[in-house]
Amino acid sequence: MKTNVLVVDDDDHMRIALKESLTKAGFNVALVDDGVKALSEINKHIYDLVITDVKMPRLSGIDLLRHIKEESPFLPVILITGYGTIQDAVTVMKEGAFDYIQKPFNTDTLYGVLKRALGVSNGKIIYSSRTMREVLQKAGRVARSDATVLVLGESGVGKEIVSRFIHENSLRIDRPFVAVNCAALPENLLESELFGYEKGAFTGALSRKPGKFEIADHGTILLDEVTEMDFRLQAKLLRVLQEKEIEAVGSKYPKKVDVRVIATTNRNIEALVRDGKFREDLYYRLNVFPILIPPLRDRKEDIPPLVTYLLKKHSMGMDIDISEESIGFLSEKQWKGNVRELENTIARACILSDGSVIKLTHLRDLECSKDVALGSVKEMETRLILDALKSVGGNRTKAATILGITARTLRNKINEYKTMGYEIPMRGY
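Being a predicted model, the structure only gives us computed values, none of them experimental.

Regarding its fold elements, the protein chain presents 19 helices and 16 strands. By principal-axis analysis of the C-alpha atoms, the protein chain measures approximately 70 × 65 × 40 Å. In the protein chain, which comprises 429 residues, the proportion classed as buried is 48%. Of all intrachain contacts in the protein chain linking residues separated by at least 6 positions in sequence, the fraction that spans at least 24 positions is 71%. Here the protein chain carries 63 positive and 60 negative side-chain charges, and the mean point of each set is 4 Å from the other.

In structure tokens form, the structure reads like this:
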């Protein structure tokens, strides 16, 4: 599916020239002649990029940029500037502009900036719902402070992405962002991972190792799924938040750190506090500024733009489209796994589509595969792998990327299928 670009310029010749160049490059282009109309367009339709002139009547490009960043902080905006306005453009880049292009410019310059602008949108939050707009506005407001943030929401809603957004819009943007999954490590390992250890602190501690808090000094640390932390370790974390200092395992002296803390959880933290499974005092320290990300089923307006984005991400350069019927089907699903489940569905549907159009039958095939017996699951896995190989002409590296597995795992599967008599599409790496 094509990238949607909105061009805003009061010069008729410039608008037409930009449309011709961008259309030739494969973009869908919409044109408006002032900033007020541009805001109306952005509220009605989904755009991947905005190109705007600086000097315009009614609403300047700079003011338009400010409005866009308030409402759609992830939408890249490129300013077109005339002679004498470059410094203005550099200044407003601090307010969120991706880049500026000085007139006159050639198509190579334009395409280069567009390519970079669209590249940085990968992995960002894609939305069109008012609910998510309010979430990001809230995140943007707290970002400029050093307040501790507690991000709440079900698994797969994008808690880590919102946390990164807060860091990237904070005064600590040039400092480290360090993420720690508190559910992935047992208590003793998590303690040394967070706070580090001294040489000789325990068997195998052959040298000093700094912890994540020390590494994140003057930056941001994300404590992902903080409610999975052991009760004893919660007390040590509380001290860090209160005293702004850490104590490595085996150390006799505390060390001061300046770290902004963002914590996330997919559990009902207040219920855990009531049940005595999470410290109440730590909860209040973390809950300085709570942000709740609603599940995807409560913001279904976000599903179509998410599908468009995920289709681009997983099509591996192929021109894969999706039927309106399929989008309607996806929009009505409950998505208990939220965006993560939707992404897995799109990735697999791209394989089943054989590089053409994702149809409702492909999605129903995936639905049926969830309820089949173990033997049939194995058959579905085999079919997905073989279809992936076929869709990329036997290129194992590309097939492994589509499937989300390593090349080694794919090679082992291919060898297994060969012994079973399957015909394997092969081209190499």
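Residue placement: Gly26 occurs in the loop between helix H1 (12–24) and strand S2 (28–32). Gly26 sits 22 residues away from Asn4 along the chain, and the two C-alpha atoms are 9.7 Å apart.

Overall, parallel pairing links the five strands, which are arranged S2-S1-S3-S4-S5 in an open sheet. Each edge of the open sheet carries a strand with a single partner, namely S2 and strand S5 (99–102). Neighbour-to-neighbour, the strand axes of this sheet turn through a mean angle of 20°, independent of strand direction. As paired elements, strand S4 (residues 77–81) and S5 share four bridges and run parallel to each other. If you follow Ile80 over to S5, its bridge partner there is Ile101. On top of the sheet, helix H2 (residues 35–44) reaches strand S1 (4–8), S2 and strand S3 (49–53); it is set at about 160° to S1, its chief contact.

Reading fine detail from the predicted coordinates is not recommended where pLDDT is low. Residue-level pLDDT values for the protein chain average 85, and 90% of them are 70 or greater. Confidence scores differ between elements of the protein chain, with helix H4 (residues 86–93) showing the lowest mean pLDDT of 58 and strand S6 (residues 149–152) the highest of 98.

Bringing the packing of aromatic side chains into the picture now. Going through the model one piece at a time under the given rule, you end up with three aromatic pairs. Centroid distance Phe195 to Phe213: 5.7 Å. Interplanar angle 15°. Geometry classified as stacked. Taken as a pair, Phe195 in helix H8 (residues 187–195) and Phe213 in helix H9 (residues 212–215) lie far apart in primary sequence, 18 residues in all. The burial state of Phe195 is the same as that of Phe213; both residues are buried. With centroids separated by 4.8 Å and ring planes inclined at 65°, the aromatic side chains of Tyr197 and Phe202 adopt a geometry described as edge-to-face. Overall, the relative accessible area of 37% leaves Phe202 in the partly exposed class. Above the face of the Phe289 ring, Lys138 is positioned so that its terminal group lies 5.5 Å from the ring centre.

What follows is about the nonpolar core. Residues Leu330, Leu342, Ile346, Ile358 and Leu410 are the most contacted members of the largest nonpolar core, which totals 39 residues. Those elements that place two or more of their residues in this core are helix H13 (303–314), helix H14 (324–332), helix H15 (338–352), helix H16 (360–369), helix H17 (374–391), helix H18 (396–403) and helix H19 (407–419). By residue number, the principal contributor to this core is H15, which donates seven residues. By size, the runner-up hydrophobic cluster in this structure holds 31 residues, among which are Leu194, Ile221, Leu223 and Ala263.

This part is about the pattern of salt bridges. Scanning the model with the defined rule gives 22 salt bridges in all. Measuring nitrogen to oxygen at the nearest pair gives 3.0 Å for the salt bridge that ties Arg58 to Asp34. Here Asp34 lies in the loop between S2 and H2 and Arg58 lies in the loop between S3 and helix H3 (61–71), a separation of 24 residues in the sequence. Residue classification places Asp34 among the buried residues on the basis of a relative accessible area of 6%. Between Lys159 and Glu225 there is a salt bridge, and its shortest N-O distance comes to 3.8 Å. Of this pair, Lys159 sits in helix H7 (residues 159–168) while Glu225 sits in the loop between strand S10 (220–224) and helix H10 (231–243), and the two are 66 residues apart along the sequence. Relative accessible area serves as the criterion here: at 6%, Lys159 is assigned to the buried category. Sharing partners across several salt bridges, the network here consists of Asp146, Arg172 and Asp258.

On to the sheet that holds S10, then. Read from one edge to the other, the open sheet built from five strands follows the order S7-S10-S13-S6-S14, with strand pairing classed as parallel. Every other strand in the sheet has two partners, leaving strand S7 (177–181) and strand S14 (289–292) as the edge strands with one partner each. Each strand axis lies, on average, 20° off the axis of its neighbour in the sheet, ignoring direction. For S7 and S10, the ladder comprises five bridges, and the chain directions are parallel. If you follow Phe177 over to S10, its bridge partner there is Thr220.

Within H3, the full set of buried residues consists of Gly61, Ile62, Leu64, Leu65, Ile68 and Lys69. Seen end-on, H3 carries its buried residues on one side only, within an arc spanning 155°.

Calculation criteria
- Residues numbered from 1 in each chain as written.
- Predicted model: local features only at pLDDT ≥ 70, side-chain atom pairs only at ≥ 80, totals over all residues.
- Heavy atoms only, no water.
- Helix = DSSP H or I, 4+ residues; strand = E, 2+ residues; numbered from the N terminus.
- Buried < 20%, exposed > 50% of the residue type's maximum accessible area, 1.4 Å probe, protein only.
- Contact = heavy atoms within 4.5 Å.
- Lys, Arg positive; Asp, Glu negative; His and termini not counted.
- Charge placed at Lys NZ, Arg CZ, Asp CG, Glu CD.
- Pairing = 2+ DSSP bridges.
- Axes fitted to C-alpha atoms, helices over the stretch in contact; angles between N-to-C directions.
- pLDDT = per-residue confidence, 0-100.
- Phe/Tyr/Trp six-rings, centres within 6.5 Å; stacked < 30°, edge-to-face > 60°.
- Lys NZ or Arg CZ within 6 Å of the ring centre and 35° of its normal.
- Core = buried A, V, L, I, M, F, W, Y, C linked by side-chain atoms within 4.5 Å.
- Salt bridge = Lys/Arg side-chain N within 4 Å of Asp/Glu carboxyl O.
- Arc of directions from axis to C-beta.

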